[in-house]
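So you can see what is in the structure, the chains are spelled out below.
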Amino acid sequence: MRESEWEKAVRGPLASAAPGTSALVLVEGEAGTGKTRFVQWLLARSQSGQAARLMVTFEASGAPVVDGPCHPNGNVSVRPEAGSGHRPGATQAGAPAASPWSGRLSASSLGELVASGGTGSPVLLVAEDVHRADEQAAHALRTVLADPPAGLRVVMTYRPEELARPGLVLGAPVGYPAELPVIHLRLGPLSAADVQRMAVDALGDDGCSAPFLTRLHERTGGIAQVVTDVLEELRAAAPPPGPRSSGAAGRSRLTARDVDEAEVPLRLAESVAGRLAALDEVPRRLVWAAAVLDGTASEDELAWVAGLSTENGRASLVTALCEGVLHELGPDQYGLRSPMEAAAVYRLVPSPVRSELHGRAAAALEARRPAPWARLARHQLATGRTTDWIESVGNAAQEAVEAGDHQLAISLLEDALAHPEVVESNRPRLALILARSATIGLGSGQTVELLRRLVEDRALPETVRGEIRLHLGLFLGNQAGRGREGRVELLRSVEELESCPVLAARAMSALALPYWSSGPLKDNLAWLTRAGTTAAESEDAEVRAAVAANRATVLLSVGDPLGWRYLEQLPRDSDDSRVVRHTARGLANAADAAVWLGEYVRARELLSEAPRLAARSGAPYTQRNAHCTSLLLDMMTGRWSGLAARARALTRDVDAGSAPDGDAALVHARLALAKGEWTDVGSWLSSTDLSGDDGAVPLVAAASGVRIRLALARQDPAAAAREAGEAWVRLREKAVWVWAAELAPWAVEATVRAGGLGVARGMADEFAVGIGGKRAPTAVAALTWCRALLAEASGELQAAVEYFQRARMCYSVLPRPYEAALVAEAGGRCALAGGLETAAGIQQLSEAAREFEVLGATWDAARVGAELRAHPGTHRRRPPGRPSYDGRLSPREQEVAQLAGAGLSNREIAATLHLSPRTVEQHVARALRKVGALSRHDLARTTRSSGSAG
């Protein structure tokens, strides 16, 4: 139950009660479900000075430990029961209290505590763990609740499974007055969302992959205390990465395997051992059987596995349920609360008994129809039935593949193939299922290592190794973000698959994709021709669909409009899921190509269709790929609200090392640059998915554009020009010039600033020739921007203004609002520099500033604002004399504080705002003092909350 739900369930009814009205809140929950956390939450939110608090906690012996009563105006003396050994607190109001104390709690002593604590004000009585209360204390509570004094609010927590008399919280019925509001709050397991919040709070947003979070919820059963203990163990074993500014690449996200390998927390282990020891031998054996089964089971199955008669099985089950050791998890389905609790019990089962129970469990599961192959395999392995185990693993994996659950298939097969008991005769079948699933689902770093070992296994037939190598190459290039290695494996697979042309055509069509960083476009086109010829000679529907999808991808990637015609011909209504899977992939690839081209309407249409087909055909990687592309699309089209959060969520969707997050990293880098968070920009750009060796060519080119702009902003033209030169060489080698759209303007500007005007002209001309005859709206806009920069550098300011206006129109139509604002700023700057059209120049700067503010581009807005202030008449004169801001930040201090909090140095802020570094230093010092921030890092948070005077 979330705190917001607590608020609604408890605070609302209590707050609505009339003054002087008493109320009772019963908080029910098994061990570890968060009853103490609820009490702490309630006390933290109770208004100070409103009520006296009396805390009663019952020890295992049943004796109460009382803390209080504490009156808002001081402590009140309490008289103990005769012979109780109770030491009273202070005898005068305001004196220190000698609490906690313990003693016998009778109706008269409890009544006196309540009455003395509530003199002149209401009393909040919190009694924790009342299931432990002895009869005298329980009678005292029943007496007080039967006739509560005015204004008494009582909160009692208890474990239902440990009540002496089930259903009776205080051991006997209570004669509650008719007018007493009674609120019954049941605390159960946490939801998956609650567990995610706890994990992110404990380990950091970047430390948790989605599979890790899912497995954490599953294995802990959502029991709050168990979740807390497991997270603490994981944090101690492997400290999570720091904030994003500490590095984006190479960060270590926890995986589902980390949860599986986590030890059972000591608190849970001791609790389970204590409850198990309290059972007699026969019921204990039934619980052992449930732990060995590690899942839900019927009454008959539990009795059979435990080796008990029907009568003894039922009696033992009733005992285990009443003692809260086993739980009813569905109609005639019983088991332990969570897999981790089952693991705690499993460790306590003697080894010979464990082996016997596994054998009986296997027999019970073999009788089920359909057979639960994955669970059955576990018991077969535990009893040494290796041949049966391998067969069950294969059946479970094949069943998962047919159901579209490739993740389950990958998990089962990775574990099985890593086991030494898998003999050579069994490896080909399992290895091929794993390899095929890996390219469709979302594997892991372990998947890569396992596939590598398999392709080097000479005991496997060459065609089997060739197919595994084909899928390894696809996995490396797509999911693992290791493009060069992937291309090498694909080239080798073509040779190994010479006797299997259908599969060889798959490898050829993959090599045809120009996204690979190595090899020029002409090589890609040659592979496409070979793949098309081979596919045409084949009757295999899957290979034809694969080649057709890649043909459309290649043509669209280079800006050839013919690609749209091929895309429309892809089979969407096939009954063959393999064919539909390739169509979904082709549509997703086309959406990505459309984003880089600037065909944003078509991109959105494709991103609506592709995920649906991917879900229908069971292709999770394609679904994720489409989500990545949607991030790029929203970034480019100015839909920035919530974009950073979506990008962060996407990086959590998979285990570390199982899928590239270059799209998300690029989005983060661009947003961080626009906001002035320059340290974060470098961290995000360090992702291997954005490097020249392994990243997809258009992503790497776009990332180079960001690097160049960052270097220019930091007044480092040499570094900018160096990056521009290297990036341009990479694009020239690939020769897909439509992908220069995100790089060219920044490369031209950097080259010009480094004194290479002639070289810059050559770059623009090369760009123009490369996009000739192509349909690439973004490239056309970028080329116009380049022409504007060259005209400005040549002193042809009027021509520059006109080019910037054309570029702005091109970007606005696409739409690309951020780039439209950038060229509007540049055009306005040129107009003002040449004294050509001052009013028009100021208007363009003003419009750019407004667009930057709408987008949330803090650094850009500050830079343009400074440019406007540098020109007379662009802002109102302030009254004479120094303005007073009454301790608040002035507009300029707010501006400086935001940039400083984002990570800019004084020199960088000075360059942005046209100030001297000394002036910036003074503004930062005043801002720190005014908002009470301890460091520049704190300024980002405190300035947002304090606001400015402007």
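Note that the structure is predicted; figures quoted are calculated from it, not measured. (Residues numbered from 1 in each chain as written. Predicted model: local features only at pLDDT ≥ 70, side-chain atom pairs only at ≥ 80, totals over all residues. Heavy atoms only, no water.)

Asker: Looking at this model, I keep getting lost on the overall build of the chain. Mind explaining?
Answerer: What the chain contains, in helices and strands, is 44 helices and ten strands. A separation threshold of at least 6 residues defines the contact pool for the chain, and within that pool the share at least 24 residues apart is 68%. Of the roughly 39,700 Å² of accessible surface on the chain, a fraction of 51% belongs to carbon and sulfur atoms. (Helix = DSSP H or I, 4+ residues; strand = E, 2+ residues; numbered from the N terminus. Contact = heavy atoms within 4.5 Å. Areas by Shrake-Rupley, 256 points an atom, 1.4 Å probe, with all protein chains shown as cover.)

Asker: Looking at this structure, how should I read the packing of aromatic side chains?
Answerer: Taken as a whole, this structure holds eight aromatic pairs when the rule is applied. Taking the centre distance of 5.2 Å and the plane angle of 45° together, the rings of W640 and Y818 count as tilted. Residue W640 is found in the loop between α28 (620-636) and α29 (643-651), and its partner Y818 is found in helix α38 (residues 817-833); the two are separated by 178 residues along the sequence. For the residue pair W640 and Y818, the accessibility class agrees, reading buried in each case. One aromatic cluster is present, formed by W640, Y818 and F852 through successive ring pairs. (Phe/Tyr/Trp six-rings, centres within 6.5 Å; stacked < 30°, edge-to-face > 60°. Buried < 20%, exposed > 50% of the residue type's maximum accessible area, 1.4 Å probe, protein only.)

Asker: Where do I start with the side chain of D229 in this structure?
Answerer: With respect to the helices and strands, D229 occurs in helix α7 (residues 224-237). Not counting the four nearest positions on each side in its chain, D229 is found in contact with P265 and R267.

Asker: I tried to follow the pairing of strand β6 (residues 123-128) on my own but got confused; where do I start?
Answerer: On any regular strand, side chains alternate: one points to one face of the sheet, the next to the other face. Here β6 lies mainly inside the structure; six of its six residues are buried. Along β6, one buried face is formed by V123, L125 and A127 and the opposite face, lined by L124, V126 and E128, is buried too. Where β6 lies against strand β7 (residues 152-158), five bridges are found, and the strand directions are parallel. Across the sheet, V126 pairs through a bridge with V155, a residue of β7. Between β6 and its parallel partner β7, the chain crosses via helix α4 (residues 135-146), and the hand of that crossover is right-handed. (Pairing = 2+ DSSP bridges. Right-handed = clockwise from strand over helix to strand, strands pointing away.)

Asker: Can you walk me through the pattern of salt bridges in this structure?
Answerer: Should their charged atoms come close, side chains of opposite charge can pair. Within the structure shown, the criterion is met by 50 salt bridges. Where R132 meets D129, a salt bridge forms, and the shortest distance between an N and an O atom there is 3.7 Å. Close ionic contact of E301 with R368 constitutes a salt bridge, the shortest N to O distance being 2.7 Å. Of the two residues, E301 sits in helix α11 (residues 299-306) while R368 sits in the loop between α14 (351-366) and α15 (373-382), which places them 67 residues apart along the sequence. (Salt bridge = Lys/Arg side-chain N within 4 Å of Asp/Glu carboxyl O.)

Asker: Could you clarify how one ought to interpret the side chain of H471 in this entry?
Answerer: Its place among the elements puts H471 in helix α20 (residues 462-477). Among residues more than four places away in sequence, those in contact with H471 are A435, R436, T439 and R506.

Asker: Can you help me understand the packing of α11 against α14 in this one?
Answerer: The relative placement of two packed helices comes down to the angle between their axes together with the axis-to-axis distance. Put simply, α11 and α14 touch, their axes get as near as 8 Å, and they point 140° apart. As α11 runs across α14, the sense of the crossing is right-handed. Residue-level inspection shows E301, W304, V305 and A306 of α11 in contact with α14, the latter providing L357, R360, A361, A363 and A364. Class assignment of the residues belonging to the contact of α11 with α14 gives a composition of seven nonpolar, no polar and two charged. (Axes fitted to C-alpha atoms, helices over the stretch in contact; angles between N-to-C directions. Left-handed = near helix turned anticlockwise from the far one by under 90°. Nonpolar A, V, L, I, M, F, W, Y, C, P; charged D, E, K, R; others polar.)

Asker: I keep staring at unusual backbone geometry and nothing clicks. Help me out?
Answerer: With glycine set apart, most residues show a phi of negative sign, and most peptide bonds adopt trans. R369 connects to P370 through a cis peptide bond whose omega is 0°. Omega for the bond connecting L814 with P815 falls within 30 degrees of zero, at 5°, which places this linkage in the cis form. Considering the arrangement of structural elements, one finds P815 in the loop between α37 (797-813) and α38. Of note in the backbone geometry, D129 takes a positive phi value of approximately 60° without being a glycine. Tracing the backbone shows D129 in the loop between β6 and α4.

Asker: I would appreciate a short explanation of the confidence of the model for the chain in the present structure.
Answerer: Interpreting fine coordinate detail is not advised for predicted regions of low pLDDT. Looking at the chain, the pLDDT average stands at 83 and 83% of residues meet or exceed 70. Predicted confidence is poor over residues 945-950, with pLDDT under 50, and the contacts of this stretch with residues over four places away or in other chains come to eleven contacts. (pLDDT = per-residue confidence, 0-100.)

Asker: Looking at this model, I keep getting lost on α4. Mind explaining?
Answerer: Owing to its 3.6 residues per turn, the α-helix aligns residues three or four sequence positions apart on the same side. Compared with the 16 Å implied by 1.5 Å per residue over twelve residues, the 16 Å span of α4 between its first and last C-alpha is a close match. Looking only at α4, the buried set comprises A137, A138, A140, L141, R142, V144 and L145. (Expected span 1.5 Å × (residues − 1).)

Asker: Hey, could you run me through helix α24 (residues 541-557) in this one?
Answerer: Spanning 17 residues, α24 covers 24 Å between terminal C-alpha atoms, matching the ideal 24 Å at 1.5 Å per step. Burial within α24 is extensive, with 14 of its 17 residues counted as buried. Two residues or fewer past α24, G559 is found with a positive phi of approximately 85°.

Asker: How do you make sense of the environment of R551 when you look at a structure like this?
Answerer: With respect to the helices, strands and loops of the structure, R551 is situated in helix α24. Judged by its relative accessible area of 23%, R551 is partly exposed. Put simply, R551 and L567 are 16 residues apart on the chain and 8.6 Å apart in space, counted from C-alpha to C-alpha. Those residues within four positions of R551 in sequence are excluded, and the remaining contacts are L528, G532 and Y566.

Asker: Can you help me understand the pairing of strand β1 (residues 23-29) in this one?
Answerer: β1 sits mainly inside the fold: seven of its seven residues count as buried. Note that β1 and β7 share six bridges and pair parallel. The residue of β7 that forms the bridge with L24 is V154. Inspection of the sheet shows β1 paired to strand β8 (residues 182-187) by six bridges, in the parallel sense. Counted as the bridge partner of E28 is R186 from β8.

Asker: Can you help me understand the packing of helix α19 (residues 445-455) against α20 in this one?
Answerer: Orientation of α19 relative to α20, taken along the N-to-C sense of each, is 150°, at an axis distance of 9 Å. The angle between α19 and α20 places the two elements in the roughly antiparallel class. When the axes of α19 and α20 are compared, the crossing they make is left-handed. In this structure, α19 uses T447, V448, L451, R452, L454 and V455 to contact α20, whose residues at the interface are R465, I468, R469, L472, F475 and L476. (Parallel < 35°, antiparallel > 145°, perpendicular 65-115°, else oblique.)

Asker: Just to check I follow, could you spell out the environment of G207 for this structure?
Answerer: Topologically, G207 is positioned in the loop between α5 (192-203) and α6 (210-220). On a C-alpha basis, the gap between G207 and R235 in space is 9.8 Å, while along the polypeptide they are 28 residues apart.

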